[in-house]
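# Structural characterization, general
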Amino acid sequence: VQLQASGGGLVQPGGSLRLSCTASGRSLSTYYMGWLRQAPGKEREFVAAFTWSGTRLSYADSVKGRFTISIDNTKNTVYLQMNSLKPEDTAVYYCAADLTYSDLMQDFNKIRYWGQGTQVTVSS
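We now turn to the structure provided with this report.

Rules used throughout
- Note that residues are indexed from 1 along each chain, following the sequence as it is written.
- Selection of residues for local features in this predicted model requires a pLDDT of at least 70, selection of side-chain atom pairs for listing and counting requires 80 or more, and totals for whole chains, interfaces and linings are taken over all residues.
- Derived side-chain values reflect all non-hydrogen atoms in the structure, with water molecules and hydrogen atoms excluded from consideration.
- In the sections that follow, a salt bridge refers to a side-chain nitrogen of Lys or Arg positioned within 4 Å of a carboxyl oxygen of Asp or Glu.
- Helix numbers and strand numbers start at the N terminus; a helix is a DSSP run of H or I with at least 4 residues, a strand a run of E with at least 2.
- Buried, partly exposed and exposed residues are distinguished by accessible area as a fraction of the type maximum, computed with a 1.4 Å probe on protein chains only: under 20%, between the cut-offs, and over 50%, respectively.

## Brief notes about the pattern of salt bridges
If the charged atoms of two oppositely charged side chains come close together, the side chains can form a pair. Using the criterion set out here, one finds four salt bridges in the structure. Between Asp-61 and Lys-64 there is a salt bridge, with its nearest N and O atoms 3.1 Å apart. The salt bridge involving Arg-66 is made with Asp-89; its shortest N-O contact spans 2.7 Å. Taken together, the residues span a long stretch of sequence, with Arg-66 in the loop between strand 6 (57–59) and strand 7 (67–72) and Asp-89 in the loop between strand 8 (77–82) and strand 9 (91–98) at a distance of 23 residues. The residues Arg-66 and Asp-89 share a single accessibility class, namely buried. Among the charged side chains, a network of salt bridges with common partners joins Arg-37, Glu-45, Arg-66 and Asp-89.

The following block contains the structure:
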C-alpha cells in the first residue's frame, strides 16, 4: 500500500484547509485508514480513523466538530477537511493505513503504512 498526502500549507487562525490522501495497492478496502499529526517537540497524536465505507469513524476530541473526513472510493482518496483552525493544530499531518483500527488510534508504532506527511501551519 502506498499513500500520497497533500494539501498542507499556511493558514490564518480560523481558516480552513483540506488535506488529501490517495492510496494505491492491493486490497485497499481491507485496511482501516487514519490521519495522525505531530507537532514540533511533541509526540505523534491521533486525529481521525475510519473505514473506506465510512461506517466506522472516530475523531480526536481536540478536532471533533472542526475536522471532517470524506471519502471518494472511485479515486481511492480520503480527505480531511479542517475548519476553524487554531495555532495548536500546527503539525505535520500523516495519513496511515493498517489492518487494526486501534493501531491508528493509539498503537502508532504498529501502523503498517504511512504517507509522507504534509505540513500544516496555522499562524497570523
